[in-house]
Amino acid sequence: METVMVRGRYKIVRVLEAGNDYAFAEAVDITERETPVRLLNIYEGTWLPIYARIFSEIRDCPAFCEAFLAEESLAAVFLPCGGVPIDRVFYRGADWPWRDRLEFTEQLLHQALAMANLPPAVSCAALLADNVRVDVDEKRISLRFRIRPMEDMNARELALLASDHARKILAPRFRQGDAEYAFCRRLERGEFLSIVLLYAGWHRAMEEIRAEYEALDRKNAFKRWFTFLWKNVKRFFRKNRR
């Protein structure tokens, strides 16, 4: 197989997506010894001038390495991250303790908040489901910057995407406290109009959520089970009255 080099520095080792004037590839930076793996987003055609402007506006993004023109293409280079897509970890029935769920939600929303000043075409793409990565062993959430071309993105879309992923982590389940359930209902209704408001709302709710679970943990197993049973019964009847 012929070796493909970009700018004489990045050796393509695997093409992950190609087509419609966009390609995404894994490459090796031959000038870097310790951590040489890089992710390349390559744009051509009508996307080239659009994303040339977008990447010129990037500030304060630690994963962003550089963007440059290579013949008739624009290449944007990012650091990689580990983990698997969030949908493979957080799904209905997934068995995670409440403390882990709160920690993962905090990590997710903090990552989204850190992208508040990035162009929405970058931040929203980075929050697509296949880019939100979970390292189960390290209990860490990272974002992969596979920046597919996206049109008409804005700050509101960033908050909606982050809300959707937070709902996956705080999924409806039998052993869910009322404070967490109420916050999930707010996420479902799309109440938070920006990622800043979402993060602030989460921090206010998190204190109440934590206090409720800590109080439940002080009960014996039977009382705790009965409390959750009663909460679920009340939710069932409230839903059916609406």
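Residues numbered from 1 in each chain as written. Predicted model: local features only at pLDDT ≥ 70, side-chain atom pairs only at ≥ 80, totals over all residues. Heavy atoms only, no water.

A few points about helix α5 (residues 178-189)
So, point 1. Relative to the 16 Å expected for twelve residues at 1.5 Å per residue, α5 spans 17 Å between its end C-alpha atoms, a close match to the ideal helical length.
So, point 2. Looking at α5, one finds that the buried residues are A179, E180, Y181, F183, C184 and L187.
So, point 3. Remark: G190 follows α5 within two positions and exhibits a positive phi of approximately 65°. (Helix = DSSP H or I, 4+ residues; strand = E, 2+ residues; numbered from the N terminus. Expected span 1.5 Å × (residues − 1). Buried < 20%, exposed > 50% of the residue type's maximum accessible area, 1.4 Å probe, protein only.)

Considering a negative patch on the surface
So, point 1. Taken together, D21, E44, E71 and E72 make up a surface patch of like negative charges.
So, point 2. Residue position: E44 is located in the loop between β4 (37-43) and α1 (47-56).
So, point 3. Overall, the relative accessible area of 35% leaves E44 in the partly exposed class. (Patch = residues over 30% accessible without salt bridge, like charges linked within 9 Å, V, L, I, M, F, W, Y side chains within 5 Å. Areas by Shrake-Rupley, 256 points an atom, 1.4 Å probe, with all protein chains shown as cover. Salt bridge = Lys/Arg side-chain N within 4 Å of Asp/Glu carboxyl O. Lys, Arg positive; Asp, Glu negative; His and termini not counted. Charge placed at Lys NZ, Arg CZ, Asp CG, Glu CD.)

Some words on the nonpolar core
So, point 1. Counting residues in hydrophobic clusters, the biggest one holds 63 residues, and the most contacted among them are F55, F78, L127, F145 and I147.
So, point 2. In terms of residues, this core owes the most to one element, helix α6 (residues 195-217), which gives nine residues.
So, point 3. Once you skip the residues sitting within four places of it in the chain, F78 turns out to touch R38, L39, N41, F55, I58, C61, A63, F64, C65, F145 and I147.
So, point 4. Of all hydrophobic cores here, the second largest spans eleven residues; its members include A23, A25, I42 and A75. (Core = buried A, V, L, I, M, F, W, Y, C linked by side-chain atoms within 4.5 Å. Contact = heavy atoms within 4.5 Å.)

Limitation: the analysis is restricted to geometry and does not speak to function.
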